[in-house]
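Observations on the model geometry
Here are the chains, one letter per residue:
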Amino acid sequence: MTLDAASIALQAIAYLALLQAAGGVMYLGSVGAPMRAGREAVVALIRRAAALGIAAALMHAAFEAGRMAGEFAGMADGRLQRLVWFGPAGEATVVRAAALTILAMRWNHGAARIGTVRTAAAVLAVLSLLTVGHTATNPARGVLAPLLALHLLVAAWWFGSLLPLACAARLEMPDTAGRCVHRFSVVAGWLVPCMAVAGLALAWLLTGGRFDGTQPYDLALLAKAAGFSSALALAALNRWRLAPALASGRPQAVRRFGLSLVVETVLLAAVVVVTAAMTSLFSPESA
Amino acid sequence: MKPSTLALVLVCAAFSASAAAHAHLHASVPADHATVSAAPRQLSLAFNESVVLTALTIQKGDSAPTRLGPLADAGAAEFKFELPSLDDGSYVVKWRAISADGHIMAGKFTFTVRSAAP
């Protein structure tokens, strides 16, 4: 495995684990609040994801020194490690790891409330991504940062809710599961358009929309859009067909709904993997 | 989800990621693909924004690459490095750098030294 491939793989794992852990907390604090029987499984998922997110983020940061040198030997270079850990990426990693540590620690899954500290940790873990990337150095950061924050938080909430919803379908009574799914659909109906508006505003402010669909960066964007649109189609299927069947307790509804959520999770995960590769390897300016 | 919302989200996905522009090398001396009649003694690099160089090598053909330096920890947009004595031939200069936003960029360019016949 090449250095770039290893780094991208770690980056993707770190992103996915972060979204799952932080998004899972957001889920329990919002649409998943009615859950009882399946709460322990969701908490376990969050804790494991947080632990994985910490490990992957720390390893990715260490690999960055190798990428800076263009060879694995760079990981043993003190100057490069110093540049990593005292630079924006290192600072973001430390903040993210600290926040995820709070989520990985033992907590009372039976408690009705998630708690201010865990909610703040989940939000902080996601917002740590604001300290890296192009918006971090843009003169219009005061406008761009809130837009990007909204974009990332909704993405975390969406991705991090899918597997917990599958837990709800499998472990809760049909009426409770149906209530969670209904609440999710209602909130998503508001948040997803907000995420879209935030993304459009970011694009407008930063680029003016250069896109010709022929270069590697553009092809990666098309791959992302394809995965994203497929996930949205599944989400629509869940909302209009599978969720009502689940709430009414129809046979096979739990299996079909759970399978659909897993596929939706895989599609969104693929989008995140493409994002990790795209932001590591390609530049829109060179496209 | 309504079709209008779906379309909005797709546009968002397509364009929001293109917002992450990276720094890049916009000029060098010797220039990319240049042929020079005398071996250059100095290498100049100019980026479009401040970067920290993390690796810089020059390589002739299949020979082992030679590291150039020293590389400073401070960021800058323009750099100058002394070159070792260069024979006639084609050279590849490879660089890696981090930009102010934390992105790692890599690039390379080539030039040829072709001295006039004695």
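The text that follows walks through the structure, step by step, so that each part is easy to find. Predicted, not measured: the structure shown is a model, and the values here were computed from it. (Residues numbered from 1 in each chain as written. Chains lettered and ligands numbered in written order. Predicted model: local features only at pLDDT ≥ 70, side-chain atom pairs only at ≥ 80, totals over all residues.)

What about the overall build of chain B?
Within chain B, the regular secondary structure consists of one helix and seven strands. Overall, chain B shows an N-to-C arrangement of helices and strands of α-β-β-β-β-β-β-β. Taking all 118 residues of chain B together, the buried fraction comes to 31%. Residue pairs at least 24 apart in sequence account for 65% of intrachain contacts in chain B once pairs closer than 6 positions are excluded. (Helix = DSSP H or I, 4+ residues; strand = E, 2+ residues; numbered from the N terminus. Buried ≥ 20, exposed ≤ 12 C-beta atoms within 10 Å, placed from the backbone. Contact = placed C-beta atoms within 7 Å.)

Notes on the packing of helix 6 (residues 141-171) of chain A against helix 9 (residues 253-281) of chain A
Residues and elements named next belong to chain A. Where helix 6 contacts helix 9, the two axes come as close as 9 Å, and the packing angle between them is 165°. With respect to helix 9, the element helix 6 is oriented roughly antiparallel. As helix 6 packs across helix 9, the resulting crossing turns out to be left-handed. Mapping the contact onto sequence places F159, L162, L163, L165, A166, A169 and R170 in helix 6 and V254, F257, G258, L261, V262, E264, T265 and L268 in helix 9. Taken together, the residues of the contact of helix 6 with helix 9 break down into eleven nonpolar, two polar and two charged. (Axes fitted to C-alpha atoms, helices over the stretch in contact; angles between N-to-C directions. Parallel < 35°, antiparallel > 145°, perpendicular 65-115°, else oblique. Left-handed = near helix turned anticlockwise from the far one by under 90°. Nonpolar A, V, L, I, M, F, W, Y, C, P; charged D, E, K, R; others polar.)

A word on helix 5 (residues 116-127) of chain A
In this model, helix 5 of chain A (twelve residues) spans 16 Å end to end at C-alpha, consistent with the 16 Å of a helix rising 1.5 Å per residue. Every buried residue of helix 5 of chain A is accounted for by R118, A121, A122, A125, V126 and L127 of chain A. (Expected span 1.5 Å × (residues − 1).)

Overview of the pairing of strand 6 (residues 89-99) of chain B
All names here are of chain B. Pairing of strand 3 (residues 42-60) with strand 6 involves nine bridges; the strand directions are antiparallel. By the bridge assignment for strand 6, K60 is matched with Y91. In sequence, strand 6 turns back onto strand 7 (residues 104-113) through a hairpin of four residues, with G102 there showing a positive phi of about 95°. (Pairing = 2+ DSSP bridges.)

Description of the nonpolar core
All names here are of chain A. By size, the foremost hydrophobic cluster in this structure holds 117 residues, and its most contacted members are A21, A22 and A156. In terms of residue count, helix 6 provides more of this core than any other element does, 18 residues in total. The residues touching A21, leaving out its near neighbours within four places in the chain, are I46, A49, A50, G53, L100 and L103. (Core = buried A, V, L, I, M, F, W, Y, C linked by C-beta atoms within 7 Å.)

Some thoughts on helix 3 (residues 78-85) of chain A
Every buried residue belonging to helix 3 of chain A is among L80, L83 and V84 of chain A, and all of these are buried. Down the axis of helix 3 of chain A, the sector holding all buried residues measures 100°, keeping them to one side. (Arc of directions from axis to C-beta.)

A short note on unusual backbone geometry
All names here are of chain B. The omega torsion across V29 and P30 is 0°, close enough to zero to call that bond cis. Of the consecutive residues G69 and P70, the connecting peptide bond is found in the cis state with omega at 5°. With respect to the element layout, P70 can be found in the loop between strand 4 (66-67) and strand 5 (76-82). Non-glycine residue H33 carries a positive phi angle of around 70°. Its location among the elements puts H33 in the loop between strand 1 (25-29) and strand 2 (34-36). H33 gets classed as exposed once you count the C-beta atoms within 10 Å, which come to 9.

Let's talk about the packing of helix 2 (residues 39-69) of chain A against helix 3 of chain A
Residue and element names in this part refer to chain A. Put simply, helix 2 and helix 3 touch, their axes get as near as 9 Å, and they point 125° apart. Looking at the two axes, helix 2 sits oblique to helix 3. Crossing geometry of helix 2 relative to helix 3 is assigned as right-handed. Counted together, A61, E64, A65, M68 and A69 of helix 2 and L80, Q81, L83, V84 and W85 of helix 3 form the full contact between these two elements.

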